[in-house]
Every structure is written in C-alpha cells, then in structure tokens.
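Coordinates in review
So the chains spell out like this:
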Amino acid sequence: MEKPEAGAGKDWKNLGQLAGLKETGRHVLKLNGKQIALLNTEAGLFAINNRCPHEGYPLVEGTLNDSCTLACNWHGWAFDLKSGEALQGRDAVRTYPVERRGKDIWIDLTPVPNTVRAAKAFDEMDEAMAEHDYERIARSLCRLDQANVTYEDVAKRVISWSLSRFERGFGHAHAGLADWIDLAGDDDDLRLVAFLEAFGNFSWDALFSQPLELPAKAAPWGAKAFLKELEAMNSLAALGRVRGAFEAGLRFRDIKPAYLDFIFSHYAGFGHPAIYVTALERLSAKLGAEVEETLALQLAHYLCVAAREDLIPEFRGFADYLRVEPGSGPVPKAADLVGASVRQTMAVTASSLARPEALYEALLGASALNMLGFDLELQHAVKQPIARNIGWLDFTHAITFAEAVHTHASENAGYWQSGLMQMACFVGRNSAYVGEVDLAKWRVTDKRAFLAQQKAALFNMDEGEYIYGVHRLKMMCAVARLDRIVSEATSELVFAALNRYLHTRLRQRHPARAAYQARQSVLREG
C-alpha cells in the first residue's frame, strides 16, 4: 500500500501487518537505535518509547490498568497512552502518531523540534529543582543537552531562578558552580557531573530558604549611598542601588570597588565575602554579562546579612588595626604564629605590614600548620559551650579566604592591610584547637599526580550534605591556584594540609552535642 500524501516534513514509515501485534497486543519496534512499544488496546492502537523515562525498564512489559493507562511494573510509574503524560511518577514518555491503513500499520517518526524538546525539559527541570529530585535534574540536563541547550544556558536560568528563593543571597552554591565549571574543563562527562552537582546544591539550598524580598524599583547608583545602606544592613535599599547601577548601563566591574571597600573594612562573614566576589567574576566570565545583575543583587544582600565578627569582643581590635601605620618589623615565621591568640597574632601581623608579600606567606603557612595540627578529637566533644564547637570547615576557610585576598590585593594594594589582618584573625582563632603537627605524614611528593587523583575523586564523591562536598571542591581549587603564586616552602605546607583534610574524618552530625547544648541554652532563657 502506498503512503498517502502527508504533511510537509513528516516521516511516516510502513511497518507492515505485524502479525505478533495481532496475536499478543504488544510489539517492540527497533529502529535506528530506538525501541518503540506498540500497544493494541480496546481504545485503539498506541505507540510510545519502550524505555520508561524513570530508569529505562521496558514499558512493553508493563500493566495496562485500563484501556489507555500503562504502568511500569518495576517502580509503578504510569502513563496516559494518548498524551504520554505521567499519571504516577514525574517525566512524560514520548508518544508517536500511529494508524492503520488497510492491513498495514504506519508510524510517524518525525523528530520533535529541539525548541519543543527544550521547553518540555526546562519545565521538568523547574519541577525537579523545586523538589530537589536529583536524578530528575540529571535526566533533565541530559534531555536539554540532546536539544542542543548548553549547560551554561541552563546555569543562567538556575541563577535567575535562585534570586527570589535564596534568603541569604549569594552562597556556597554559587561559589561551587564557578569551581565546578573550571574543574570540569571541556570533558563532556565531567561537565555533566559538575553541573548536576552544582544545580543540586542550588536546589537543596532553596528548599530551606524563605523568599527574598526584592526592591519594587531602582534607585540611583552612588557608591557612598550604597556603602551607607550596607553598613545599615538595609538590604532593600542596597539592592535598589544595584538595580539603578545596571539600569544606568554599568557592569559589575564598575561597582566592584564599592563592594570591595565594604568587604575590606570589616572582618565579616567568615571570609566568604571576598571569596564570593572572585566567584561572581568567574561566573560572569563563563556565563556572560547577563548574569551579573542577579549575582550582584545576591552578593549585596549577602553583605547585608553576613555575620559581623569584627563587632564581637574577640575581634573588636580589628578596626583599630586598619588605621595603624604599617609596621616594618621582621616578618614572623609561620611556625612562630601557631599557638598565638587572636590579639597576639594581630599585633605581630601589624608590626610587619610593610612587607605584605612575605607576611602573606607566613600567615598562609600558619593557617596550613593549623590544619596539620587540628586536634580531631575536638570534633566529638559533647558537653561544651557552643563557642567551643570546632570542625574542619573552620580551618579550610582560612585557606580559601587567603587565596581570595591575594587576588584582590594584587589588583589593589590598598586591600593588603585588611586582608592580612583578617588572615591573622583566622590564624589566631584556630590556634586554640591545634596539637602536634606531623608534616612528614601528610607531605605530598607529586603535586600534579595528587591533584589529578583528588580531582577524579571529587567527581564521584559521597560526602553527605552539599556544604561538605562543596568545601572539598573549593579547598582543592584554591590550593591549585595558590600553588602558582606562593613559594615552594609554603606550597608544601598547603598541600600537606589539603592532604590531611581530604583523608581524615570530617564529622557532619552531632546529635548528643546538639541535644546537650539546646537544653543548656533553653535553661538559661529563664
């Protein structure tokens, strides 16, 4: 039988009579690497992808619950045979136009346009992100890739999606995305893992966030006015200024000095603000200028809500040291700084601020020695005040922050003084939790091979909550970048510190301690 006239672009195929279909009501058609299930029901003839969109099991083995519903017997996902929509489960299955013409069966294999496939995959991606359905995020990414949508374009959408959903603004998910993109390079398999893990982090963080209030309208940009709003922790007003900057045609590079002036006038946010500026710039370079406004808004909001550690008693002297004349005394050795208090470390640092590069190496080396000496048993303490809680992430921040300091101070030497004093705060605050240092045990003899091995491990890590995985990522990437700018002696310490961090237990949950501290806290409430 000849094929009747069909619409333009249609790809009808004559399958013949398919005797098996008549006998069993089911038939699997294999064409061009695809499997299509044909189902002869009381409601008519239907054709769908044979592979369940959940985990790929054959739908032809499924159960016809009624004349138009097919359920996969492996996990119970059920589909409307007419539309392909999932009635139980999430992803739809593709359907194909099929009809009888005389004794023969014809099927239309016309490819679905990429625009249609992408639109559907984006809808699925949005649903998966809202539910933190990790495997569905992965499938959506693969379908978008098949529709010729780049992972970078998906990232732009995810960043925009996060704006109103992240109550704290810029965060670890953003910084992790920047590092994942860099680490994956051009390897297609690694890129899929990298973007999947990054988007999973965005999804997870959004689950636990309240909506972020955004300004109804823009306000004229002015650096002084912006700084005033940041100091007052007035997020809506600060974000209005950022909106005004971009409406006026400015880019982040134009308003970046105001951000950095604020960041380096405080010891705040546990070092994150300086790190996040570099992450924002790297994301802009990778994804394009169109993400800058959203990222700048999120970073400005974060600066408004970040903890102001320089206002608590332990670090209150920080502001005074920003106003002192840089000392020209001898630069201490890294080992001499280990064990010193915050006040002692800040005083020694201030005495040699006139030699910033050498002082930087000493403080970075001291932070690495602190990591090498971290008393791991302190992670497990139960009956102690909250102020004594300590873990690996308290130490890793000192290294990742140091890498950001070098980036910013190399561009503007005026940031050295604050950056070094903040590094001193990290060294001093962590020294109280340090025991013996065993450099020989953790020394890395082949740095290139070590980084390659640890990079491979990152792409299949199982570190529990995203916060712990992303810190491994950030720490490793920071150390790799530091290796290019510091002396061999300092690099040796930093690599050894990284080695110990990656290969010793990082405790994630503390049920007994949380219960004890909660009870003590509530008892003091009166």
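These figures come from a predicted structure and were not determined experimentally.

Some points on the side chain of Ser418
Its location among the elements puts Ser418 in helix α17 (residues 416–431). Residue class for Ser418 comes out buried when judged on its relative accessible area of 4%. Discounting residues that sit within four places of it in the chain, Ser418 has contacts with Phe264, Ser265, Phe318 and Leu322.

Brief notes about the sheet that holds strand β4 (residues 44–49)
Overall, antiparallel pairing links the four strands, which are arranged β2-β3-β4-β9 in an open sheet. Of all strands in the sheet, those bounded by a partner on one side alone are β2 (26–31) and β9 (95–96). Both β2 and strand β3 (residues 34–41) contribute to a ladder of six bridges, which runs antiparallel. Across the sheet, the residue bridging to Val28 is Ala37, located in β3.

Examining the confidence of the model for the protein
Residues of the protein with pLDDT of at least 70 account for 98%, and the chain-wide mean is 95. Considering only residues more than four positions removed or in separate chains, one finds that residues 1–6, a stretch of pLDDT under 50, has 11 contacts.

Remarks on the environment of Gly435
Assignment of secondary structure puts Gly435 in the loop between α17 and α18 (439–442). Each C-alpha atom of the pair Gly435 and Met371 lies 9.8 Å from the other, and the pair is 64 residues apart in sequence. The contacts of Gly435, once residues within four sequence positions are left out, are Gly373 and Asp375.

Looking at the pattern of salt bridges
The tally for this structure, following the rule as stated, stands at 28 salt bridges. Of the charged contacts, one joins Asp179 and Arg481 as a salt bridge, the two residues approaching to 3.4 Å between their closest N and O atoms. A residue pair is termed long-range when its members are at least 10 positions apart, and Asp179 in helix α5 (residues 172–184) and Arg481 in helix α20 (residues 466–482) qualify at 302 residues. One exposure class covers both Asp179 and Arg481, and it is buried. Between Asp483 and Lys447 there is a salt bridge; the shortest N-O distance is 2.7 Å. Of the two residues, Asp483 sits in the loop between α20 and α21 (488–502) while Lys447 sits in helix α19 (residues 447–458), which places them 36 residues apart along the sequence. Linked by salt bridges that have partners in common, Asp91, Glu124, Glu127, Arg136, Arg139 and Arg143 make up one network.

A short note on the layout of surface pockets
Reported here for the largest pocket is a volume of approximately 930 Å³. When residues of the lining of the largest pocket are traced back to their parent elements, those giving at least two are β3, β9, α2 (114–131) and α3 (134–146). When residues in the lining of the largest pocket are grouped by element, the largest group, five residues, is from α2. The residue inventory of the lining of the largest pocket, partitioned by class, reads 10 nonpolar, nine polar and 10 charged.

Re the sheet that holds strand β1 (residues 12–14)
The sheet built from three strands is open, its strands ordered β1-β11-β10 with antiparallel pairing. Edge strands, defined here as strands with exactly one partner in the open sheet, are β1 and β10 (98–101). Between one strand axis and the next, the sheet turns by 30° as a mean value, whatever way the strands run. Relative to strand β11 (residues 104–108), β10 runs antiparallel, the two being bridged by four bridges. Its bridge partner being in β11, Glu99 is matched across the sheet by Trp106.

How each quantity is defined
Residues numbered from 1 in each chain as written. Predicted model: local features only at pLDDT ≥ 70, side-chain atom pairs only at ≥ 80, totals over all residues. Heavy atoms only, no water. Helix = DSSP H or I, 4+ residues; strand = E, 2+ residues; numbered from the N terminus. Buried < 20%, exposed > 50% of the residue type's maximum accessible area, 1.4 Å probe, protein only. Contact = heavy atoms within 4.5 Å. Pairing = 2+ DSSP bridges. pLDDT = per-residue confidence, 0-100. Salt bridge = Lys/Arg side-chain N within 4 Å of Asp/Glu carboxyl O. 1 Å grid on protein atoms, 1.4 Å probe; cavity = no way out; pocket = protein on both sides within 12 Å on 5 of 7 lines; lining within 4 Å. Points joined across faces, edges and corners; volume = space filled by probe spheres on them. Nonpolar A, V, L, I, M, F, W, Y, C, P; charged D, E, K, R; others polar. Axes fitted to C-alpha atoms, helices over the stretch in contact; angles between N-to-C directions.

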